[in-house]
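Residue-level structure breakdown
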Amino acid sequence: MNGFQLTLFLRQDDKHGHQPMSQWLVAVAKRLGIGGATVIAAAEGFGHGGRLHSAHFFELADQPVELTMALSAADAGRVFELLKSVGVDLFYLMAPIEFGMTGQR
């Protein structure tokens with residue numbers, strides 16, 4: 001299947017309301033019927049402002065986090081519509097991909 005890889009970039013301490021942003025985004029993906037989402041915690045990174053973000057021994061709040069989904073153009077549109085409607089502002093990458101399964105489940 002052809003579609004897109006959508007990667008959203010956030011920090012460990014980002015929240016939507018009182019819920020961690022990564023958990024909220026995974027729940028959103030499930031609610032929208034997206035086939036899957038993966039959350040990956042990174043060791044270090046920096047954003048457009050040049051500020052270094054990293055996981056520290058005692059404090060993980062500033063740790064960079066990526067959430068990646070493989071989805072159709074229609075699903076990507078629904079994700080962006082929802083993020084815009086609730087005022088979530090995140091940096092993202094979206095690239096065309098081919099995806100599928102190598103076997104049968």
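**Details of the nonpolar core**
Note on soluble globular proteins: their nonpolar side chains tend to be buried together. Ranked by internal contacts, the top residues of the largest apolar core, which has 20 residues, are L8, W24, L25, M69 and V79. For this core, the elements supplying multiple residues, two or more each, are β1 (2-11), α1 (21-31), β7 (64-71) and α2 (73-85). Counting residues per element, this core draws most heavily on α1, at five residues. In this view, V79 contacts L6, L32, I34, M69 and L71; residues no more than four positions away in its chain are not counted.

**Brief notes about the confidence of the model for the protein**
On average, the protein scores 87 in pLDDT, and the residues at 70 or more come to 83%. Averaged over each element, pLDDT in the protein is lowest for strand β6 (residues 52-54) (58) and highest for strand β8 (residues 91-98) (97).

**Observations regarding the sheet that holds β8**
Strand order in the open sheet formed by four strands is β4-β7-β1-β8, and the pairing between neighbours is antiparallel. Each edge of the sheet is formed by a strand with only one pairing partner; in this case those strands are β4 (38-41) and β8. Direction aside, the axes of adjacent strands within the sheet are offset by 20° on average. As paired strands, β4 and β7 are joined by four bridges and run antiparallel to one another. Residue pairing across strands places I40 opposite E66, the latter belonging to β7. Along the sheet, α1 contacts β1, β4 and β7; its crossing angle with β7, the most-contacted strand, is approximately 5°.

**Some remarks on the side chain of T68**
Looking at where T68 falls in the secondary structure, it is placed in strand β7. By relative accessible area, T68 is classed as buried at 18%. Polar contacts involving the side chain of T68 include one to the side chain of T7, which spans 3.3 Å. Beyond its immediate sequence surroundings of up to four residues, T68 is in contact with Q5, L6, T7, G36, A37 and T38.

**With respect to the environment of V28**
Residue placement: V28 occurs in helix α1. Put simply, V28 and V79 are 51 residues apart on the chain and 8.1 Å apart in space, counted from C-alpha to C-alpha.

Reading guide: rules and limits
Residues numbered from 1 in each chain as written. Predicted model: local features only at pLDDT ≥ 70, side-chain atom pairs only at ≥ 80, totals over all residues. Heavy atoms only, no water. Core = buried A, V, L, I, M, F, W, Y, C linked by side-chain atoms within 4.5 Å. Buried < 20%, exposed > 50% of the residue type's maximum accessible area, 1.4 Å probe, protein only. Helix = DSSP H or I, 4+ residues; strand = E, 2+ residues; numbered from the N terminus. Contact = heavy atoms within 4.5 Å. pLDDT = per-residue confidence, 0-100. Pairing = 2+ DSSP bridges. Axes fitted to C-alpha atoms, helices over the stretch in contact; angles between N-to-C directions. Polar contact = N/O pair within 3.5 Å; in protein donor to acceptor, adjacent residues only side chain to side chain.

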